[in-house]
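One-letter residues, chain by chain:
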Amino acid sequence: MQQKKILIYFVILCMILPIRQEIVSQPKAKNKKKLSARERKRRARAGRITRGRGGASFTADWRDTDLKDFLKGMAAIIGKNILIDESMKSQKITIISQKRIPVKNAYSFLKSVLESQGYGVVEENDLIKVIKIKQASSKSSVVRVGRFFPSESTDQNEIITQIVPIYDASARQLEPILKQATSTNTQILVYKETNTLVITGLAGDIQKLLNIVNRLDQKSSEGPGSTASAGDIHIYTLEYNQADKLAKVLVKLNMPKVGLATADKKKNTRSNKKIPAVAHEDSNSIIVTANKEEWQEIKKIIKVLDLPRKQVLLEVLIVELISSDLNDFGIDWRLREGAYGQYNSGLAAEGGVIDANGRPTQVNTLSGFSLGFLQSGRSEIIGILNANATNENFNVLSAPQVLTIDNQKATINVGQDVPVRTQRRNAGLAGANAVTVDNFEYRPTGIKLEFTPHVNKNDMITLELDQEVKSVAGLVTQGGNPTFNKRNINTTITVENTQTVVIGGLISNDKQKSISKIPVIGDIPLIGRFFRRTTTQIKKTNLMVFLTPHILDTREKADKMTFKKKKEQERESRNREQKIR
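Along each chain, the written sequence defines residue order, and numbers are assigned to residues from 1. The predicted nature of this model means local features are confined to residues of pLDDT at least 70 and side-chain atom pairs, given and counted, to a pLDDT of 80 or more, with totals for whole chains, interfaces and linings taken over all residues. The side-chain numbers reported here are obtained from all heavy atoms of the structure, hydrogens and water having been left aside.

A.B. asks: Which parts of the structure should I look at to understand the overall build of the chain?
C.D. replies: A run of DSSP states H or I qualifies as a helix once it reaches four residues; a run of E qualifies as a strand once it reaches two. Both are numbered from the N-terminal end. Helices and strands together make up the secondary structure of the chain, namely 11 helices and 26 strands. Exposure is judged per residue with a 1.4 Å probe applied to protein chains only, and the accessible area is read against the type maximum: over 50% gives exposed, under 20% gives buried, and values in between give partly exposed. Residues classed as buried in the chain amount to 33% of the 581 residues present. Within the chain, contacts between residues at least 6 apart in sequence are counted, and of these 61% link residues at least 24 apart. A total accessible area of about 37300 Å² is found for the chain, and carbon and sulfur atoms account for 52% of it. The contact criterion used is simple: two residues touch if any of their non-hydrogen atoms lie within 4.5 Å. A 1.4 Å probe and the Shrake-Rupley method give the accessible areas. Residues count as covered only by the protein chains that appear here.

Here's what the structure looks like:
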């Protein structure tokens, strides 16, 4: 009887379950239909570009979206082709955004999203490859050297390789610490031979690791140089100074007196024993013969003299503007048939307009406009009008730069040699077989800069400066010798680090006016213009010299300045290429 009851309950239960399942499943289907409608609306709005006053922007609202669909929308926004890795086709992504993103930031947004999913990008022309970050790291084309991260690099998602030198710490000991402080996508390799780390990953991660390295690995504060002793012979290896120069200083000093009683000190006050020091140039070492106590005092002197000297980069800007205006107007009249039988300046004969007999030569070497007057019925010139106006402008802009160490003279000379004819003579036979021989000398032109910096403890710089600028004045006429402009400054100044000062200038305004005329007649108003020649020349010169010293006393400052100059050079190169195109 009990078995019959169990069988009846089982049959009833089997009849109720399908009904219950149908009742429960119907609301779910209704809810799914509502969610699908919202999802379609949201997906239609995601990635849509609108334009407003602030520029073009788009909505970044992708929820439970295939990563490939997200990349398809971003490809349309950034306008580039995207190659997708096979491993990401089934991967989902969810992005919830309450603010619109400017289109100009779309590429950085794309790389940030891919980074969160463990992917990186590799650019090739108009194609973007999306691959695993570890694979992208092996294809990084940006390699930097040093422990300085340039502030100009704003793209924190760029994949780069940084070669980091380690000073006193062990690169192998730093490796596990750095790996714990960064993501697993960052690769850290140790090159044991040079105690160097090679780090590859995102720029933001590498910048953080460099800050850690700079904190953990610092140069020791011990005195410079190493020493070795054998009895009373001591060897000190210099780091910053030159052994031969330092040895010349030591041999002029008296041997320090140590470990003597008062009576012995009085007895030895007249002793003039010098420090026996010899330089070994190959190893840049100082060899001194002294006992232990004397050596301790001598070593203190050597350490003070062997301190590192600061480096100074001097930037000089030379601006020279030269303007020359010439106005020449007048008429020459012939009084008789001779070639030089003229009033005024006689330019007609000098310009080759007439020959020795006063007849036209059909040649005119005069500058400007010339007009001849012929005698009625004869082919003879009785007058010639000449008008000439020239304008010459020169803009000389030079920026020499030179690096040297404290108290060390530096010289830079940039220019060229210009030929100047010093002698002309005829050699060989006379007549048509004559040969003209010219002798030339070469005169240097350009910029010559010599300076010696002296840096004190407050980073004030005293500069002993000697600068010379020599250039060719104007255009050289055929067969003539050039005229040289020479500017020289010799001065001593004191400036602060990175301070820009003007050390010299020249402003000149030279006006010359010459009048050649027939007396009395040339002074008659209006009519006198036909019997005189007036030449007016105005020359203006504006020269200014600016300089800016930079103290580069650390590796980071030197790397930063080098990076800055490299960027300036690359920018100038791009500008030149654009002008050529």
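Once you've had a look at it, read on.
A.B. asks: I keep staring at the packing of helix 5 (residues 171–180) against helix 6 (residues 203–216) and nothing clicks. Help me out?
C.D. replies: Two packed helices can be described by the angle between their axes and the distance between those axes. Viewed as axis vectors pointing N to C, helix 5 and helix 6 meet at an angle of 140°, and their least axial separation amounts to 11 Å. Comparing their axes, helix 6 and helix 5 come out oblique. Here helix 5 runs over helix 6; the crossing is right-handed. Of the residues in helix 6, those touching helix 5 at Leu174, Ile177 and Leu178 are Leu209, Ile212, Val213 and Leu216. Each residue gets one of three labels, nonpolar for Ala, Val, Leu, Ile, Met, Phe, Trp, Tyr, Cys and Pro, charged for Asp, Glu, Lys and Arg, and polar for the others, Gly among them. By residue class, the composition of the contact of helix 5 with helix 6 is seven nonpolar, no polar and no charged. For every element, the axis is a line fit to its C-alpha atoms; helices are fit only across the contacting stretch, and the angle between N-to-C directions ranges from 0 to 180 degrees. For this classification, under 35 degrees means roughly parallel, over 145 means roughly antiparallel, 65 to 115 means roughly perpendicular, and everything else is oblique. The handedness criterion is simple: a crossing whose near helix is rotated anticlockwise from the far helix by less than a right angle is left-handed, and one whose near helix is rotated clockwise is right-handed.

A.B. asks: So what exactly am I meant to see when it comes to the environment of Ile159 here?
C.D. replies: Checked against the element boundaries, Ile159 lands in strand 10 (residues 159–165). Look at Ile159 and you get buried, because its relative accessible area is 11%.

A.B. asks: Is there a simple way to think about the sheet that holds strand 1 (residues 49–52) in this case?
C.D. replies: Strands in a sheet are paired, the pairing made by backbone hydrogen bonds, and the direction either parallel or antiparallel. Strand pairing requires that DSSP identify at least two bridges connecting the strands. Reading across the sheet, the three strands line up as 1-2-6 and stay open at both edges, with antiparallel pairing between neighbours. Each end of this open sheet is capped by a strand with a single partner; those strands are strand 1 and strand 6 (101–102). Across four bridges, the pairing between strand 1 and strand 2 (residues 55–58) is antiparallel. Along strand 2, the bridge assignment pairs Arg51 with Ala56.

A.B. asks: What am I meant to see in the pattern of salt bridges here?
C.D. replies: For side chains of opposite charge, pairing can occur when their charged atoms come near one another. Any carboxyl oxygen of Asp or Glu that lies within 4 Å of a side-chain nitrogen of Lys or Arg is treated as forming a salt bridge with it. Evaluated as defined, the whole model comprises 13 salt bridges. Where Glu315 meets Lys565, a salt bridge forms, and the shortest distance between an N and an O atom there is 2.1 Å. In this pair, Glu315 is assigned in strand 17 (residues 311–333) and Lys565 in helix 11 (residues 555–580), connecting sequence segments 250 residues apart. Taken individually, Glu315 and Lys565 each receive the classification buried, so the pair is uniform in this respect. The salt bridge partner of Glu450 is Lys448, with a shortest N-O separation of 3.8 Å.

A.B. asks: I would appreciate a short explanation of the sheet that holds strand 8 (residues 127–132) in the present structure.
C.D. replies: Ordered by their spatial adjacency, three strands build an open sheet running 4-8-7, and the pairing between neighbours is mixed. In the strand order of this sheet, the two ends are held by strand 4 (81–84) and strand 7 (119–124), each with one partner. Pairwise comparison of adjacent strand axes, ignoring direction, gives a mean angle of 25° for this sheet. Examined bridge by bridge, strand 7 and strand 8 share six bridges and lie antiparallel to one another. Among the inter-strand pairings, Val121 is bridged to a residue of strand 8, identified as Val130. Packing of helix 2 (residues 67–78) onto the sheet brings it into contact with strand 4, strand 7 and strand 8, and relative to strand 4 it is tilted by some 160°. Of the strands in this sheet, strand 4, strand 7 and strand 8 are in contact with helix 3 (residues 106–116), which crosses strand 7 at around 140°.

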